[in-house]
Amino acid sequence: MEIQEQAADGLRGRLAAIERAVDAGTYSPGPWQALVRDIRNSMFFERAAIAEDVSRISRKLHLRKPRRRASMNTGILLEILATALGGGLMIAGAAAQSVVLAFVGALIWMATFEPLVKLMAGRMMGVRYDYFYLLGIEPRLKMSYGTYLARPRPIRIVVHLCGTIGSPLAAYLTCRMFSDSIPPAAALCYGAFWILIAINAVNFALPLIGFYRLGPMPFSISSAGSAAIEIREGWGW
């Protein structure tokens with residue numbers, strides 16, 4: 001028990017140092033990424049003991065940059081309304097035989113299905129979320145990161161893999177929906193489906209073989225990339 005407490009205290013000390021630097025405005029990238037890697041590979045009792053601290057500091061780090069965000073309840077409502085709007089546009093497109101309306105509605109579904117599927121999967125597996133935010137025009141979920149790290153590695157991998165399903169699923173469904181009524185819109189959705197599959201495949205494959213960035217963009221910001229990093233660490237590569 002004493003050894004367990006010492007291990008958790010060591011991680012707490014590193015968390016406290018990062019939090020002090022963030023609060024003082026002197027934090028530079030590096031220590032958080034190294035600490036998260038160590039936490040991912042620590043024992044369950046260590047991860048559980050510091051979950052609240054991890055979530056709090058992760059939130060502070062994420063909000064150092066101004067972000068357009070909304071509470072979970074507001075975000076879920078907006079996602080549902082946007083999904084309904086997309087469905088309405090597709091219905092209007094089918095009625096008017098408008099490829100543009102139909103495909104715009106399909107694009108909205110491709111954007112909204114992704115966070116909704118990951119939200120449902122994460123919550124079923126014990127991961128909580130803090131808020132919705134926009135990355136460019138893409139709606140995203142900010143994890144309550146300590147609850148994610150406290151989960152066993154296989155669950156963490158599954159949560160991230162679920163985050164790759166929503167957009168391709170929306171593209172596939174809309175392709176099937178338009179296959180008879182608006183074939184050009186179905187072709188666009190089919191193309192979008194394979195583009196999304198390719199993006200996920202690249203984001204998964206490159207981190208799996210040891211590449212963690214594409215230019216300035218870390219693969220860890222994608223669900224596929226995060227899943228690959230977890231798998232690589234779990235295998236000890």
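As the structure is a computational prediction, the values presented were derived from the model and not from experiment.

How each quantity is defined
- Here the residue numbering is sequential within each chain, running from 1 through the sequence in written order.
- Owing to the predicted nature of the model, reporting of local features is limited to residues with pLDDT of at least 70; listing and counting of side-chain atom pairs is limited to 80 or more, with chain, interface and lining totals taken over all residues.
- Only hydrogens and water are set aside when side-chain values are computed; all heavy atoms of the structure are taken into account.
- In this description a helix means any DSSP run of H or I spanning at least four residues, a strand means any run of E spanning at least two, and both kinds are numbered starting from the N terminus.
- Between buried and exposed lies partly exposed: a residue is buried under 20% and exposed over 50% of the maximum accessible area for its type, with that area taken using a 1.4 Å probe on protein chains only.
- Note on contacts: a residue pair is in contact if any heavy atoms of the two residues lie within 4.5 Å.
- We get accessible surface area from the Shrake-Rupley algorithm with a probe of 1.4 Å; when it comes to residues, only the shown protein chains can shield them.
- Under the rule applied, a polar contact is a pair of N or O atoms within 3.5 Å (in protein, one hydrogen donor and one hydrogen acceptor; residues adjacent in sequence only if both atoms are side-chain atoms).
- What we call a nonpolar core is a set of buried Ala, Val, Leu, Ile, Met, Phe, Trp, Tyr and Cys residues that are connected through their side-chain atoms within 4.5 Å.
- Pairs of strands are assigned from DSSP output, requiring at least two bridges between the strands.
- In this analysis, axes come from line fits to C-alpha atoms, helices being fitted only over the stretch in contact, and the angle between any two N-to-C directions falls in the range 0 to 180 degrees.

## Things to note about the overall build of the chain
And step 1. When helices and strands are tallied, the chain shows eleven helices and five strands.
And step 2. For the chain, buried positions account for 46% of its 237 residues.
And step 3. When contacts within the chain are restricted to residue pairs at least 6 apart in sequence, long-range pairs at least 24 apart make up 64% of them.
And step 4. Within the structure as shown, the chain displays about 12400 Å² of accessible surface, and the carbon and sulfur contribution to it stands at 67%.

## Description of the side chain of Ser42
And step 1. Looking at the secondary structure, you find Ser42 in the loop between helix H2 (31-40) and helix H3 (44-49).
And step 2. Among the residues examined, Ser42 registers a relative accessible area of 12% and is labelled buried.
And step 3. Here the side chain of Ser42 touches Ile39 through a polar contact of 2.7 Å, landing on its backbone oxygen.
And step 4. Filtering out sequence-adjacent residues up to four positions away, Ser42 remains in contact with Leu11 and Arg47.

## Structural notes on the nonpolar core
Nonpolar side chains tend to gather and get buried jointly when the protein is soluble and globular.
And step 1. One finds Ile18, Trp32, Val54, Tyr129 and Tyr145 to be the most contacted residues of the largest nonpolar core, which totals 26 residues.
And step 2. For this core, the elements supplying multiple residues, two or more each, are helix H1 (2-24), H2, helix H4 (51-62), helix H5 (72-96), strand S2 (129-135), strand S3 (138-143) and helix H7 (145-149).
And step 3. Element by element, the count of residues in this core is highest for H1, at five residues.
And step 4. Look past the residues within four positions of Val54 in its chain and what remains in contact with it is Leu15, Trp32, Ile39, Tyr145, Gly146 and Leu149.
And step 5. Membership of the second largest hydrophobic core comes to 17 residues, among which are Met90, Trp109, Ala170 and Cys175.

## Focus on the sheet that holds S2
Two strands in a sheet stick together by hydrogen bonds in their backbones, pointing the same way (parallel) or opposite ways (antiparallel).
And step 1. Taking strand neighbours across the sheet as the criterion, the three strands line up as S1-S2-S3 in an open arrangement whose pairing is antiparallel. In this open sheet, the two strands that pair with only one neighbour each are strand S1 (69-71) and S3. Averaged over neighbouring strand pairs, the angle between their axes works out to 30 degrees when direction is ignored.
And step 2. Bridge count for S2 against S3 is six bridges, and the pairing is antiparallel. Opposite Tyr131, over in S3, you have Lys142 as the bridge partner.

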